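Residue-level structure breakdown
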Amino acid sequence: MPPPSSEELQRVFKTLSDITRMRILRLLAQEELMVQELMEVLGMAQSRVSRHLAILREAGLVSDRRDGTYVFYRFAAPSDDLWRHGWHLVEKGLASDPTTERDTTLLRRVIAARSAQPRNFFDAVGPDWDALRTVFNDTALRARAISRLVPMGLKVADIGTGTGILACELARLGLNVIGIDQSARMLEAARSKVNSEIFPSGGQVELRRGEAEAIPMENDEVDAAFAHMVLHYVASPGDVIREMTRIIRPGGLLVAVDFVSHDLDWMKQELGVVWRGFASETVEGWLSDAGLLEIHVEQSESLGRERDLPATLIASARVPADQTG
Ligand SMILES: C[S@@+](CC[C@H](N)C(=O)[O-])C[C@H]1O[C@@H](n2cnc3c(N)ncnc32)[C@H](O)[C@@H]1O
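Residues numbered from 1 in each chain as written. Predicted model: local features only at pLDDT ≥ 70, side-chain atom pairs only at ≥ 80, totals over all residues.

**Regarding the overall build of the chain**
For the chain, the helix and strand inventory stands at 13 helices and nine strands. Relative to its length of 325 residues, the chain is extended, with a C-alpha radius of gyration of 33 Å against a globular reference of 20 Å. Seen through its C-alpha atoms, the chain measures out along the principal axes to roughly 90 × 55 × 40 Å. Counting the 325 residues in the chain, one finds 29% classified as buried. (Helix = DSSP H or I, 4+ residues; strand = E, 2+ residues; numbered from the N terminus. Rg over C-alpha atoms; globule rule 2.2 N^0.38 Å. Buried ≥ 20, exposed ≤ 12 C-beta atoms within 10 Å, placed from the backbone.)

Take a look at the structure:
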């Protein structure tokens, strides 16, 4: 380090020669504080605290951050050797100073008062928080946060993609989706939905025309395959599950969402369904016959509000890790 000039030395010594400034630096090195909080700890008037803060900020030893109408100050560790040495001397010198213990005790009290405010608030609000929090409208935000659990760049198939609603949701999670459907019109609708979306997390959707019974994909091509509300439209759901299993890599996942067995004729008449839902055991049987493991079928209540709707099921199962030997 080249020897400092006398001006530099003067500036460092002058700035650090004042005990109040030293105490302020020591406090701000421990905690980001407002002027009011520094006043409480130091027992000094605002003008005095502000004057010292201005000198420290001028020297580059303190920086500030605005939070609404409040300004918080914090210690800015110097990178310059001379200032760094000066600060180390201050730290060492203050370690045995009688003001240190008192400042630390009062600092703890100030910080405790800060955290008491939200604690008191939430203690008062309790279960009413759920009503208050609706203003944030953050259901989608939570879903996006949870999606961070999903490894980026997974390749998945959406069999019977229809208008691409699930495909887009999966792409929003950062997945590379291949949507398959036999209907040209449904694929057209899916294409315009996909084209109107930007997937910020890097997900993509590719659409291919094809049959669920003969999926236009290679063996082991995807990490997972979905069939969302499709099996009740296919002639042989067990065969489709076997075909989906073919395209999933060893260790990958198959997920099917469908209706639980029902007797709602309107669905056959108005929606053209082939099957009136499936019993959980039937789906478990298909998954097991396809050689899948970790079979899990979960039923949920009917989602129907305007129409009578059946209960739903989500089935998932894993392709054995050593399937291809
Ligand atoms: C009820 S829609 C579901 C669409 C989408 N998965 C969703 O949840 O919105 C059923 C879709 O499966 C497609 N589909 C039905 N049978 C199929 C088959 N054998 N092969 C490919 N697609 C089929 C239909 O064309 C239709 O788009």
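**Re the environment of Arg-26**
Tracing the sequence through the fold places Arg-26 in helix H2 (residues 19-30). Given 22 C-beta atoms within 10 Å, Arg-26 falls into the buried group. For the pair formed by Arg-26 and Ala-184, sequence separation is 158 residues and the distance between their alpha carbons is 71 Å.

**Some thoughts on the packing of helix H11 (residues 237-247) against helix H13 (residues 280-289)**
Taken N-terminus to C-terminus, the directions of H11 and H13 make an angle of 40°; their axes are 9 Å apart at the nearest point. Relative to H13, the element H11 is oriented oblique. In this structure, H11 crosses over H13, and the sense of that crossing is right-handed. Seen from H11, the contacting residues are Pro-237, Gly-238 and Ile-241; seen from H13, they are Trp-286, Leu-287 and Asp-289. Broken down by class, the residue content of the contact of H11 with H13 amounts to four nonpolar, one polar and one charged. (Axes fitted to C-alpha atoms, helices over the stretch in contact; angles between N-to-C directions. Parallel < 35°, antiparallel > 145°, perpendicular 65-115°, else oblique. Left-handed = near helix turned anticlockwise from the far one by under 90°. Contact = placed C-beta atoms within 7 Å. Nonpolar A, V, L, I, M, F, W, Y, C, P; charged D, E, K, R; others polar.)

**Comments concerning the domain arrangement of the chain**
Partitioning the chain into structural domains gives domain 1 (6-132) and domain 2 (139-318). With centres defined by C-alpha atoms, the gap from domain 1 to domain 2 works out at 57 Å. (Domains from an automatic or database assignment.)

**So, the sheet that holds strand S8 (residues 293-300)**
In spatial order, the strands read S5-S4-S3-S6-S7-S9-S8; together these seven strands make up an open sheet with mixed pairing. Two strands in the sheet have a free side with no partner beyond their single neighbour: strand S5 (204-209) and S8. Neighbour to neighbour, the strand axes of the sheet diverge by 15° on average, direction disregarded. As paired elements, strand S4 (residues 176-181) and S5 share six bridges and run parallel to each other. What sits directly across from Asp-181, in S5, is Arg-209. Its contacts with the sheet put H13 on strand S7 (248-259), S8 and strand S9 (312-318), and the angle it makes with S8 is roughly 160°. (Pairing = 2+ DSSP bridges.)

**Examining the site of the ligand**
Gly-160, Gly-162, Gln-182, Ser-183 and Ala-212 are the nearest of the 17 residues found near the ligand. Along the lines of polarity and charge, the residues of the shell around the ligand split into eight nonpolar, six polar and three charged. (Near = placed C-beta within 6 Å.)

**Regarding unusual backbone geometry**
Unusually for a residue other than glycine, Asp-220 sits at a positive phi of about 55°. Examined against the element boundaries, Asp-220 turns out to sit in the loop between S5 and strand S6 (222-228). Positive phi outside glycine occurs at Glu-294, with the angle close to 50°. Along the chain, Glu-294 falls in strand S8.

**Digging into the nonpolar core**
The tendency in soluble globular proteins is for nonpolar side chains to be buried side by side. Among the nonpolar cores identified, the biggest contains 47 residues, and Val-156, Ala-157, Ile-159, Ala-225 and Met-244 are the most heavily contacted of them. With residues up to four places along the chain from it excluded, the contact list for Ala-157 reads Ile-178, Ile-180, Met-217, Val-222, Ala-225, Phe-226 and Ile-247. (Core = buried A, V, L, I, M, F, W, Y, C linked by C-beta atoms within 7 Å.)

**Observations regarding the pairing of strand S1 (residues 62-67)**
Here S1 pairs with strand S2 (residues 70-75) via six bridges, running antiparallel. Bridging across to S2, Val-62 finds its partner in Phe-75. Taking the residues between adjacent antiparallel strands as the criterion, S1 and S2 are bridged by two residues, where Gly-68 takes a positive phi near 65°.

**Examining helix H5 (residues 81-95)**
Taking 1.5 Å as the rise per residue, H5 with 15 residues should run 21 Å; its terminal C-alpha atoms sit 21 Å apart, in good agreement. Of all the residues in H5, the buried ones are Trp-83, Gly-86, Trp-87 and Val-90. When H5 is viewed along its axis, its buried side chains cluster within an angular range of 100° and face the same direction. Of the exposed residues in H5, those oriented more than 90 degrees away from the buried face are Asp-81, Arg-84, His-88, Lys-92 and Ala-95. (Expected span 1.5 Å × (residues − 1). Arc of directions from axis to C-beta.)

**So, the packing of helix H3 (residues 35-42) against helix H6 (residues 98-125)**
In contact at an axis separation of 9 Å, H3 and H6 are set at 140° when each is read in the N-to-C sense. Our classification of the angle between H3 and H6 gives oblique. The element H3 and its partner H6 pack so that their crossing is right-handed. The segment H3 lies against H6, with Glu-37, Glu-40 and Val-41 engaging Asp-103, Leu-106, Leu-107 and Val-110. Its residues assigned to classes, the contact of H3 with H6 comprises four nonpolar, no polar and three charged.

**Some words on H6**
Its 28 residues place the ends of H6 42 Å apart at the C-alpha level, agreeing with the 40 Å of an ideal helix rising 1.5 Å per residue. Taken as a whole, H6 carries its principal kink of about 25° at Ala-116; the proline Pro-118 stands between one and four residues after it. By the criterion of burial, H6 is predominantly exposed, with just one of the 28 residues buried. The positive-phi residue at the C-terminal boundary of H6 is Gly-126, with phi of around 50°. (Bend = angle between axes of the 7 residues up to and from the residue.)

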